[in-house]
Amino acid sequence: MTMVKLQYYAQLREQAGAGGEQWSTAAATLRELYEELRARHGFSLPSDALKVAVNAQFSDWDRALHEGDTVVFIPPVAGG
Amino acid sequence: MNRFDLSAAPVDLLRLREALQHPGSGGFCSFEGRVRNSNEGREVGGLEYEAYAELALAEGERILAEAIARHGVLAARCVHRTGALGIGDLAVWIGVSAAHRDEAFRACRYIIDEIKHRLPIWKKEHYLTGDTAWVACSHTERAHEHESPHAHPAAHHARHEHHDHALTDAALGAFTPDYSRQTRLRGVGAAGQAKLAAARVLVIGAGGLGCPVLSYLAGAGVGTLGIVDGDLLDASNLHRQTLYDARDIGQRKVDLAARRLAALNPAVRVHASPEPLHAGNVREVFAQYDLVVECTDDMRSRYLASDAAVLTGTPLILASVYQYEGQLQVVGARPGEPCLRCLWPDEPAPGAAGSCAQSGVLGPVPGVLGTLQAVEALKILLDLPRPVEPALLLVDLLEVGIQRLPIDASRGCVRHGGCVAVAQHALAQAQRDREVDVVFACLHDAIAAGYRLVDVREPDEIAAQPLDAPSCRVPSAQLAARTAELPPGRLLLVCASGRRSAQVARALRGQGVRDIYSLTGGVLALRPSHDRAPATTGGRSAP
């Protein structure tokens, strides 16, 4: 299991009911991690609609997870 | 012919009205200001008007030209009396001819308000008690102090904070902007101020983000500000849109913003346009500016702006907000620099990105993001130091944190042929999509033009406001599955605002349904049938 720190923005924050959490996961990649969280929190957006960043750098969804990673999921927002 | 006149003799109303007759005019509105028998609780027997004629004439012409341009009316005239007048005498006359009554009323109101505030005209009231008082007309509601007609009329109110007073000062040529607090900065100085004065900045959207952007850029002395916004001010805007107040509800934001900015800094030229940008005009408009700041709540506008920035090489500052947080991206629009599509290649499905109306927003949140946009804009215009590395800024105002995520351009549009090719392709697609939207002032015109109507609203919406023309009814969500029920021929989809109908029409075109269109603006944009001028009844494609 890999322990990661998660941060949620915009709709994801609202749907998760929190701005972030510590999470222990068996997922190997970011994409797997997001699908796991999507099932858990009922996220409405597919991963294709999001950007993901790890340790303050944008990342590909295929990137492998490492212990202690900080993962941020970012949907586009439209309000003005 | 002068549109604005001062007259020492009584005014011939018939001639003035006749001069405003126009075949395209479906509405004529006039206002008559008359001398009343009391002011501030004192009985008045008569009064004298005195004007600083040269300035009043020039400023009066300017006001009428503004009214015509801002409200799109056909013609306007105004005459202000000077000299001695008795109770009931006509003091000021305004007439406006327009295609429709709305513009006529608005322009008329605009003219009288501006004249009251800006013209250097004073009146001497003769009270029945035998004494007199000079009153600057711009302060008639509160004028009670005795003052000399030759004193600077605005000067004794100069410390009062109401913006109209500053405007009176400006009308008198007394206002000189004082930029000393920013020119004192080593990075600004006189050279920087000259750069700002020469700069042209377009602000798209005069809402929660646009208000601080416009205020700060006007205050800083940016020489030319363009404003694009098609919306009318709604009461629900006031908790975050700080340029406006409760009296402004129902008026066009571009007009309100232009007026407020002219009051804030008369040295700034403001070009206001209520016509939204679209794939057909966006490149041409961007090419007229040095910098664009995107402040709408509309994802499509944001993608359109990013594409146009890339294609015209115009730097663009994007921002958007969601509840308690926001995002900011500066698109440098130079080769190799990432655009919006480098992050999210395609515009999200409608509704997926949230909006202030659906998701809610804390008022100061767009204030913070708009203020950040203003800072970025000034940094670019002044060539101040800023991070070299392009980044997406995430601003979380609950946790009070700002995260800069560097954007790696090599992982963006480059993989699809580069930002320019991607933008060209997207703009061409948007141009094709535009053909879906058509404009009609009334549904009978659409039918006369060969369209069959499909009402895609929900049954409760239809019950509340049925269409006054025959239509087939299929709710938007079911349309794709029920195309077999649609009548043959050219179809015009109608919903409340034009959003759902456009979305479904585009989706069905994507599925191969060819002859399908959407009524721009929906039911909201239709005119009541008794209020149509003959000149505008013909249907036309969206501009």
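Higher on the page you've got the structure.
Presented here is an overview of the structure given in this document. (Residues numbered from 1 in each chain as written. Chains lettered and ligands numbered in written order. Predicted model: local features only at pLDDT ≥ 70, side-chain atom pairs only at ≥ 80, totals over all residues.)

1. Things to note about the environment of C413 of chain B
All names here are of chain B.
Right, on to step 1. You can see C413 is positioned in the loop between β17 (401–406) and α14 (419–434).
Right, on to step 2. Among the residues examined, C413 registers 22 C-beta atoms within 10 Å and is labelled buried.
Right, on to step 3. Each C-alpha atom of the pair C413 and C339 lies 8.0 Å from the other, and the pair is 74 residues apart in sequence. (Helix = DSSP H or I, 4+ residues; strand = E, 2+ residues; numbered from the N terminus. Buried ≥ 20, exposed ≤ 12 C-beta atoms within 10 Å, placed from the backbone.)

2. What about the interface of chain A and chain B?
Right, on to step 1. Taken together, the contact between chain A and chain B spans 18 residues of the former and 33 residues of the latter.
Right, on to step 2. Looking at the side of chain A that touches chain B, the elements that each hand over two or more residues are α1 (10–16), β3 (51–54) and β4 (57–58) of chain A.
Right, on to step 3. Split by residue class, the side of chain A that touches chain B holds 12 nonpolar, five polar and one charged. (Contact = placed C-beta atoms within 7 Å. Nonpolar A, V, L, I, M, F, W, Y, C, P; charged D, E, K, R; others polar.)

3. Describing the sheet that holds strand β7 (residues 90–98) of chain B
Strand-to-strand pairing in sheets goes through backbone hydrogen bonds, with the strands running parallel or antiparallel.
Residue and element names in this part refer to chain B.
Right, on to step 1. What the four strands build is an open sheet, ordered β1-β5-β7-β2; its pairing is mixed. Strands at the two margins of the open sheet, each flanked by one partner only, are β1 (4–7) and β2 (27–34). Ignoring strand direction, the axes of neighbouring strands in this sheet form an average angle of 10°.
Right, on to step 2. As paired strands, β1 and strand β5 (residues 75–81) are joined by four bridges and run parallel to one another. Directly across from S7, in β5, lies its bridge partner R81.
Right, on to step 3. Its contacts with the sheet put helix α2 (residues 53–71) on β1 and β5, and the angle it makes with β1 is roughly 145°.
Right, on to step 4. In the packing of helix α3 (residues 101–118) onto the sheet, the strands contacted are β2, β5 and β7, and the crossing angle to β7 comes to about 150°. (Pairing = 2+ DSSP bridges. Axes fitted to C-alpha atoms, helices over the stretch in contact; angles between N-to-C directions.)

4. Considerations on the environment of L37 of chain A
Residues and elements named next belong to chain A.
Right, on to step 1. Considering the arrangement of structural elements, one finds L37 in helix α2 (residues 30–41).
Right, on to step 2. A residue is classified by how many C-beta atoms lie within 10 Å of it, and L37, with 22 of them, is buried.
Right, on to step 3. For L37 and A16, which are 21 residues apart along the polypeptide, the C-alpha to C-alpha distance reads 9.0 Å.

5. Observations concerning the packing of helix α10 (residues 299–312) of chain B against α14 of chain B
All names here are of chain B.
Right, on to step 1. At a minimum axis separation of 9 Å, α10 and α14 run at an interaxial angle of 130°. Judged by the inter-axis angle, α10 sits oblique to α14. Both α10 and α14 take part in a crossing whose hand is left-handed. Note on element contacts: α14 touches α10 through C419, V420, A423, Q424, A426, L427 and A430, opposite Y303, L304, D307, V310 and L311.
Right, on to step 2. Looking at the contact of α10 with α14 residue by residue, the class counts come to 10 nonpolar, one polar and one charged. (Parallel < 35°, antiparallel > 145°, perpendicular 65-115°, else oblique. Left-handed = near helix turned anticlockwise from the far one by under 90°.)

6. Topic: the environment of E32 of chain B
Residues and elements named next belong to chain B.
Right, on to step 1. Examined against the element boundaries, E32 turns out to sit in strand β2.
Right, on to step 2. Note: C-alpha distance between E32 and I112 (80 residues apart in sequence) is 9.5 Å.
Right, on to step 3. In this structure E32 touches L90 and W93, once residues within four positions along its chain are discounted.

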